[in-house]
Amino acid sequence: MQDMPPFRVESLTPEPGTARLVMTGELDFTSADDASAEVAKALAAGVVVLEFDLAGLQFIDSSGMAVVMNAYTGAQERGTAFRIVALTSYLRHLIEVVALDDVLDLPG
């Protein structure tokens, strides 16, 4: 069995008013709280745009998907734009299978 890299989330500011959370590793029940804390920090800072870069995720479970959807909902409640700027084909497929591509703004 191959060891997965530890979960990591890095917060970047690609432009003023934008927070980009770059996530790598596994976003699952063991890392969901860390990811949620970073989302809360970004939204509390009053960003205008919240971006998720998920291209570095090797795995996501239902807890990880809940982080994504809670971030989306939290952003909507604050009038903050939410978008996913990068993701793997695995994650794109998962989002499409559960029909969240109708809700989430995915990269082309």
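Provided above is the structure to which this section pertains.
Our subject in this report is the structure included herewith. (Residues numbered from 1 in each chain as written. Predicted model: local features only at pLDDT ≥ 70, side-chain atom pairs only at ≥ 80, totals over all residues. Heavy atoms only, no water.)

Turning our eyes to something else, we now look at the environment of Ala-42. Position of Ala-42 relative to the elements: it lies in helix H1 (residues 32-44). The spacing of Ala-42 and Ala-75 is 33 residues in sequence and 9.8 Å in space, taken between C-alpha atoms. Beyond its immediate sequence surroundings of up to four residues, Ala-42 is in contact with Ala-19, Val-47 and Leu-50. (Helix = DSSP H or I, 4+ residues; strand = E, 2+ residues; numbered from the N terminus. Contact = heavy atoms within 4.5 Å.)

All right, on to the packing of aromatic side chains then. Taken as a whole and assessed by the stated rule, the structure comprises 2 aromatic pairs. Here Phe-52 and Phe-82 contribute two aromatic rings whose centre-to-centre distance is 5.0 Å and whose plane-to-plane angle is 70°, an arrangement assigned as edge-to-face. Taken together, the residues span a long stretch of sequence, with Phe-52 in strand S3 (residues 49-60) and Phe-82 in strand S4 (residues 81-87) at a distance of 30 residues. On the accessibility criterion, Phe-82 (7% relative accessible area) is buried. With a centroid separation of 6.1 Å and 80° between ring planes, the pair formed by Tyr-72 and Phe-82 is classed as edge-to-face. Of this pair, Tyr-72 sits in helix H2 (residues 62-78) while Phe-82 sits in strand S4, and the two are 10 residues apart along the sequence. With respect to class, Tyr-72 is no different from Phe-82; both count as buried. Chaining the aromatic ring pairs together yields one cluster made of Phe-52, Tyr-72 and Phe-82. (Phe/Tyr/Trp six-rings, centres within 6.5 Å; stacked < 30°, edge-to-face > 60°. Buried < 20%, exposed > 50% of the residue type's maximum accessible area, 1.4 Å probe, protein only.)

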